[in-house]
Amino acid sequence: MTITTVLNPLHIPELLQIVCLHLDKSSLLAGIRVNKTWHDICKPLLWESCSFSADQYNSFHDVFDQNAPLIRTLEAKLRLIGGEVRFVAQHCVNLKALTLRYCRVSPSSLDVLCNGIPRVQYLTFDLCPGVNTTSIAPRLTRLPSLTHLELIAHTQDRGSGDWRENEMALLLTQCLSLEYLKIVGADLSHLHLFAVQRHPTPLRLMKLELVSTFISENALKNLLGKSPNLSNLILLNNSNKNSTIQVIAESGSNLRMLELKNSKSVATSAFDSVFKKCPLLISLGISQTLICDAAISALAHHCTQLRILDLRGCSRITHTAFLELISTLTCLQHLFVGGCKKLKIEAFSGEAPWSCRENLEMLDMTSVGIRPESDKLNGLVCHLRSLPRLRSLLLDEAVSRHPEIVEFLADSTD
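Residues numbered from 1 in each chain as written. Predicted model: local features only at pLDDT ≥ 70, side-chain atom pairs only at ≥ 80, totals over all residues. Heavy atoms only, no water.

1. A look at empty space enclosed by the protein
Phase 1 of the analysis: Inspection of every chain in the model, using the stated rule, returns 2 cavities of 30 Å³ or more.
Phase 2 of the analysis: Estimates place the volume of the largest cavity at around 50 Å³.
Phase 3 of the analysis: Around the largest cavity, the lining residues are Met-168, Leu-181, Ile-183, Leu-188, Leu-191, Leu-193, Leu-208, Leu-210, Ile-215, Ala-219 and Leu-223.
Phase 4 of the analysis: Those elements giving two or more residues to the lining of the largest cavity turn out to be strand E6 (180-184), strand E7 (207-211) and helix H10 (217-225).
Phase 5 of the analysis: By residue class, the composition of the lining of the largest cavity is 11 nonpolar, no polar and no charged. (1 Å grid on protein atoms, 1.4 Å probe; cavity = no way out; pocket = protein on both sides within 12 Å on 5 of 7 lines; lining within 4 Å. Points joined across faces, edges and corners; volume = space filled by probe spheres on them. Helix = DSSP H or I, 4+ residues; strand = E, 2+ residues; numbered from the N terminus. Nonpolar A, V, L, I, M, F, W, Y, C, P; charged D, E, K, R; others polar.)

Printed below as a string of structure tokens:
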């Protein structure tokens with residue numbers, strides 16, 4: 001008689017580790033109680049990411065203190081003073097990412113905090129009243145591992161003068177590992193950052209995201225000129241002007257990703273200069289702008305490596321520019337033209353094949369100028385059938401009910 005023993009794969013720690021990585025918090029909590037092996041694997045995963053508040057700490061401080069070394073990502077809400085600050089600074093010795101939301105943190109608390117979290121790489125201040133460059137810049141320079149910083153300012157801090165020239169320059173030049181900076185809501189219009197321009201060494205910034213900051217052209221020029229590794233630039237709701245775009249054209253030749261959504265004060269000629277001088281762009285977002293066909297033509301001929309292009313709401317683009325675009329950009333994977341009202345059926349039914357047909361994966365053509373009740377859609381369907389990698393197609397409901405589109409969608413599902 002031969003006896004065969006079948007080994008349960010969940011008894012193998014390496015396989016169990018892989019399985020537990022996909023469990024939610026409640027399942028991990030149940031897994032801790034199974035046996036010692038499950039306990040040893042599930043417990044670090046349970047505490048790796050932690051949501052934290054003063055009330056929770058006051059009620060269960062012993063549990064938090066005991067498991068603090070396991071915490072890698074911590075999100076603290078509403079209040080962080082006294083004992084809670086000391087908990088983070090003294091016990092969370094392996095903390096890599098810290099997010100403070102709606103926390104009013106005093107300068108003395110920030111001192112304690114920054115002195116105790118030298119390994120933190122990701123730091124976010126989200127709507128924390130009183131947090132500005134004056135309060136945080138000298139303290140953040142004590143974090144040698146800080147690579148990602150997000151500062152979302154409270155609206156009541158706008159215009160208070162707390163975002164000062166010297167402290168902003170200190171933040172940029174003395175946080176030596178900083179690669180990603182996002183600032184939302186702070187008024188930076190009075191900054192020039194001449195000290196950044198005079199700094200003897202380049203900045204390490206690779207991604208810069210400024211939302212509703214109204215940064216001045218001087219500050220942007222000095223910042224871009226001192227950041228040779230900057231590849232991603234996002235300027236949203238900053239009242240971007242022609243002069244702003246010219247600064248990007250002059251100093252952004254290495255950009256791979258650029259987003260200038262809702263820049264309605266920018267002329268076609270300014271966009272044209274950016275496309276000519278930023279040929280390495282892979283992702284471009286210029287939705288809700290007044291860009292015209294001439295700039296789209298420049299885009300098609302100069303930014304030939306584009307993979308993601310967002311033109312949603314660009315109401316002046318016609319089928320002439322679209323056909324030139326679609327027949328030139330071979331690398332496009334995501335194309336968004338929803339809301340481009342002047343794109344009639346002629347834009348999508350031309351006889352020339354789409355040059356990106358082998359790569360296009362996502363296409364948004366909602367609210368364009370197609371009239372399904374009268375337009376012939378066989379040319380559009382022919383192009384759609386030529387896209388082997390298409391996985392997301394956004395259409396208006398009326399268009400999606402057209403018989404030829406219904407047949408195409410049914411064939412695609414099969």
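2. Side note on unusual backbone geometry
Backbone phi values are negative for most residues with the exception of glycine, while trans is the configuration of most peptide bonds.
Phase 1 of the analysis: Of note, Leu-193 is a non-glycine position whose phi angle comes to about 60°, a positive value.
Phase 2 of the analysis: Position of Leu-193 among the secondary structure elements: in the loop between E6 and helix H9 (194-198).
Phase 3 of the analysis: One non-glycine residue, Ser-239, lies in positive phi territory at about 55°.
Phase 4 of the analysis: Mapping Ser-239 onto the fold places it in the loop between strand E8 (232-236) and helix H11 (242-251).
Phase 5 of the analysis: According to the relative accessible area criterion, Ser-239 is exposed, its value standing at 52%. (Buried < 20%, exposed > 50% of the residue type's maximum accessible area, 1.4 Å probe, protein only.)

3. Description of the layout of surface pockets
Phase 1 of the analysis: Within this model, the largest pocket holds a volume of roughly 270 Å³.
Phase 2 of the analysis: In terms of lining residues, the largest pocket is bounded by 12 residues, among which Leu-46, Trp-47, Cys-50, Ser-51 and Phe-64 are the most central.
Phase 3 of the analysis: With 4 residues, the top contributor of residues to the lining of the largest pocket is helix H4 (residues 54-67).

4. A word on helix H6 (residues 107-116)
Phase 1 of the analysis: Turning to H6, its buried residues number three or more, namely Ser-109, Leu-110, Leu-113, Cys-114 and Gly-116. The arc that holds every buried residue of H6, seen down its axis, measures 165°, which confines them to one face. (Arc of directions from axis to C-beta.)

5. Let's talk about the pattern of salt bridges
Phase 1 of the analysis: Tallying each qualifying case throughout the model produces 13 salt bridges.
Phase 2 of the analysis: Two residues, Asp-272 and Lys-276, come together in a salt bridge whose shortest N-O distance is 3.0 Å. Here the residue Asp-272 and the residue Lys-276 both occupy positions in helix H12 (residues 268-277), the gap between them amounting to 4 residues, near one helical turn.
Phase 3 of the analysis: In this structure Asp-272 comes out as buried when scored by relative accessible area, which is 17%.
Phase 4 of the analysis: Residue Glu-361 is joined to Arg-389 by a salt bridge in which the shortest nitrogen-to-oxygen separation is 2.8 Å. With Glu-361 in the loop between strand E12 (334-336) and strand E13 (362-364) and Arg-389 in the loop between helix H15 (378-385) and strand E14 (392-394), this pair connects stretches of sequence that are 28 residues apart.
Phase 5 of the analysis: A relative accessible area of 13% means that Glu-361 is categorised as buried.
Phase 6 of the analysis: One continuous salt-bridge network, built from bridges that share partners, spans Glu-75, Arg-101 and Asp-126. (Salt bridge = Lys/Arg side-chain N within 4 Å of Asp/Glu carboxyl O.)

6. Side note on the pairing of strand E3 (residues 97-101)
Phase 1 of the analysis: For E3, a buried count of 4 out of 5 residues is recorded, marking the element as mostly surrounded by other parts of the structure.
Phase 2 of the analysis: Looking at chain direction, strand E2 (residues 73-77) and E3 are connected through 5 bridges and run parallel. By the bridge assignment for E3, Ala-76 is matched with Leu-100.
Phase 3 of the analysis: Of the pairings in the sheet, the one linking E3 to strand E4 (residues 122-126) comprises 5 bridges and is parallel in character. Across the sheet, residue Ala-97 finds its bridge partner in E4, namely Tyr-122.
Phase 4 of the analysis: Crossover E3 to E4 through H6 is right-handed. (Pairing = 2+ DSSP bridges. Right-handed = clockwise from strand over helix to strand, strands pointing away.)

7. Considering the nonpolar core
Phase 1 of the analysis: The biggest cluster of nonpolar side chains holds 119 residues, and the ones touching the most others in it are Phe-125, Leu-140, Ile-248, Phe-275, Leu-309 and Phe-348.
Phase 2 of the analysis: Each residue touching Leu-140, except ones within four places of it in the same chain, is listed here: Cys-114, Leu-123, Phe-125, Leu-146, Leu-149, Leu-171 and Cys-175.
Phase 3 of the analysis: Judged by nonpolar contacts, the second largest core, of 6 residues, contains Val-184, Ile-234, Leu-236 and Met-257. (Core = buried A, V, L, I, M, F, W, Y, C linked by side-chain atoms within 4.5 Å. Contact = heavy atoms within 4.5 Å.)

8. Let's talk about the side chain of Ser-263
Phase 1 of the analysis: By the element assignment, Ser-263 lies in the loop between strand E9 (257-259) and H12.
Phase 2 of the analysis: Every residue in contact with Ser-263, bar those within four places of it in the chain, is listed here: Asn-240, Phe-271, Gln-288 and Thr-289.

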